[in-house]
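# A closer look at the structure
Here's the letter readout for the chains.
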Amino acid sequence: MRRRWMAAVAVSLTGLLTLTACGDGGGSQGGSQSAEAKVEVFSWWTGAGEADGLKAMRAIFERENPGQEFVDAAVAGGSGDQARALLASKLSANQPPDTFQGHAGAELQGYIKAGKLESLNFLYDELKLRDVFPQQLIDQISVQGEIYSVPVNIHRSNVLWFNPAVLKEAGISTPPATIAAFIADLEKVKASGKIPLSIGSQWTVVHLLESVLLGSLGTETYNRLWTAQADWSNANVTQALNDFKTILSYAGTPVEDWQPAAKQVADGQAAFNIMGDWAYGYFHNPPDGGLGKSSKTDFDWAPAPGTDGTFMWLSDSFTLPKGAPNRAGAVAWLKVAASKEGQDAFNPLKGSIPARTDADKSLYKDYLEWDLAQWSSNKLAGSIQHGVVANDAWRASINDAVGLFQGDQDVAKFQQALADAAKNSGQ
Ligand code: GAL
């Protein structure tokens, strides 16, 4: 199984993902409705930037389903670091929300194998969704021909966000394209007195690790780490972890979550931040939900060092848990999430691109225009922290290893812990 879907991950999606205006893709139609039924939608999109996209989809849901009450069951904490633990306990107590956010890939495969999800083939048939999602993405959310979620977007993990004025002050004319150049630039920023690299809570450090592994190892070797041919004890992994140690030595004091870390860049306190492109929504959205900043002047971006030509991807998807208290309401939500209208309302605000291939390209401007072009031409690698390559137990062990490493800085111990995590992953 692992090899089958990793093979799919490694294939470039060129051509498949070209946006074409074929068919209207449909607005959403409401599901069957009972009076004043509550639909509990579980996610972790509470914070500045991310809540905007959810609000836009919610407005469509409420318009289309007057008999259903949307209940926002979002749990704060970027990357679902709090939400995923709570969800696991709700699922094991057989008290699922009506629908929940789950990442396409290994994370979702875990929920499927645990028997927690209903197949959505009926919905894919009814809405002809097989025609509008890329086959490789469908493979990530399927087991034996049954499809278990509705992907709402594609996010890019390997983005280097930077403040152009801070770089200029430090004598840096172009963003670093390699790990070695990145380290040299971090040193220059340090000498200028600004924070070289901002970081947030622990998961943001795991997020940084995935970009450093990709940039240091290269795409093929990185992708092999998640297959039966993986060699976590290899000298090239040692080198990548040493790079990570050096890069981390330039990090500022950890702040609370990804938003305050990104804000240090936007405010000119820090030079660099490696974060997914939800940061774009936060930087760019108007001040009631975002920072209202302008790209190229207040903030700018480049591929994370050493990763140009590779798109480290992840995808948010929504599910229908077995035993959902309001199944009809959940299906109505999934119809909005699957629709062209829903995806085109959600993604420009979320800082992501649509999972559907027939979206309205003209809505994706600035960073998002670049993002679409990268997605349709780059090689692919899957995110660790955001559920693509490692199931939740494996991701949690990697998080623990990173936490210990932040304390003891011992590369050999760290590498051993990562090798053990891979061996014990059961994936
Ligand atoms: C990811 C999620 C994104 C965004 C990010 C930061 O795991 O897929 O949609 O929410 O976390 O919270």
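Residues numbered from 1 in each chain as written. Predicted model: local features only at pLDDT ≥ 70, side-chain atom pairs only at ≥ 80, totals over all residues. Heavy atoms only, no water.

## Let's talk about the packing of helix α9 (residues 202–217) against helix α11 (residues 235–248)
The following threshold applies: A fitted line through C-alpha atoms serves as each axis, taken over the contacting stretch for helices, and the angle formed by two N-to-C directions is quoted from 0 to 180°. Strands here mean DSSP runs of E at least two residues long; helices mean DSSP runs of H or I at least four residues long; both are numbered from the N terminus. Our angle categories are set so that under 35 degrees counts as roughly parallel, over 145 as roughly antiparallel, 65 to 115 as roughly perpendicular, and the remainder as oblique. Note on convention: the crossing is left-handed when the near helix lies turned anticlockwise from the far helix by less than a right angle, right-handed when the turn is clockwise. For this analysis, residues touch if any pair of their heavy atoms sits within 4.5 Å.
The geometry of α9 relative to α11 is characterised by a closest axis approach of 9 Å and an angle of 130° between their N-to-C directions. When the interaxial angle is binned, α9 and α11 end up oblique. The element α9 and its partner α11 pack so that their crossing is right-handed. Together, V205, L208, L209, V212, L213, S216 and L217 of α9 and N236, V237, Q239, A240, L241, D243, F244, I247 and L248 of α11 make up the contact between the two elements.

## So, the environment of S216
Which entries qualify depends on this criterion: Any pair of nitrogen or oxygen atoms within 3.5 Å is treated as a polar contact; in protein, a donor-acceptor pairing is required on top of that, and neighbouring residues in sequence qualify only through side-chain atoms on both sides.
In this structure, S216 sits in helix α9. Taking the C-alpha atoms as reference points, S216 and K335, separated by 119 residues in sequence, lie 41 Å from one another. Not counting chain neighbours up to four residues away, the residues in contact with S216 comprise I179, Q239, A240 and D243. Reaching out from S216, the side chain makes a polar contact with the side chain of D243 at a distance of 2.9 Å.

## Things to note about the environment of E369
To be explicit about the condition: Between buried and exposed lies partly exposed: a residue is buried under 20% and exposed over 50% of the maximum accessible area for its type, with that area taken using a 1.4 Å probe on protein chains only.
By the element assignment, E369 lies in helix α16 (residues 367–377). Taking relative accessible area as the criterion, E369 reaches 51% and is therefore assigned exposed. Once the C-alpha coordinates of E369 and S295 are considered, the two residues, 74 residues apart in sequence, prove to be 13 Å apart.

## Some points on the confidence of the model for the chain
In plain terms, the rule: Each residue carries a pLDDT score, the predictor's own confidence in it, on a scale running from 0 to 100.
Taken as a whole, the chain shows an average pLDDT of 92; of its residues, 92% reach a score of 70 or greater. Taken together, the stretch residues 1–35 has pLDDT below 50 and engages in 93 contacts with residues farther than four places along the chain or on a different chain.

## Describing the packing of aromatic side chains
The condition is simple: The pairing test for Phe, Tyr and Trp rings, Trp by its six-membered ring, is centres within 6.5 Å, and the orientation test on the planes gives stacked under 30 degrees, edge-to-face over 60, and tilted for anything in between. Criterion for a charge above a ring: Lys NZ or Arg CZ within 6 Å of the ring centre, and within 35 degrees of the ring normal.
Under the defined criterion, the tally for this structure stands at 28 aromatic pairs. Judged by centre distance (6.0 Å) and plane angle (25°), the ring pair of F244 and F405 falls under stacked. Taken together, the residues span a long stretch of sequence, with F244 in helix α11 and F405 in helix α17 (residues 392–408) at a distance of 161 residues. The exposure classification of F244 matches that of F405, with both residues buried. What links up through ring pairs into an aromatic cluster is the set W161, W258, Y280, Y282, F283, F299, W301, Y367 and W370. Taking NZ or CZ as reference, R156 lies 5.3 Å from the ring centre of F311, over its face.

## A word on the environment of L213
Structurally, the position occupied by L213 is in helix α9. On the basis of relative accessibility, which here comes to 1%, the residue L213 falls in the buried class. Put simply, L213 and I154 are 59 residues apart on the chain and 21 Å apart in space, counted from C-alpha to C-alpha. Excluding residues that lie within four positions of it along the chain, L213 makes contacts with G218, Y222, A240, L241 and I384.

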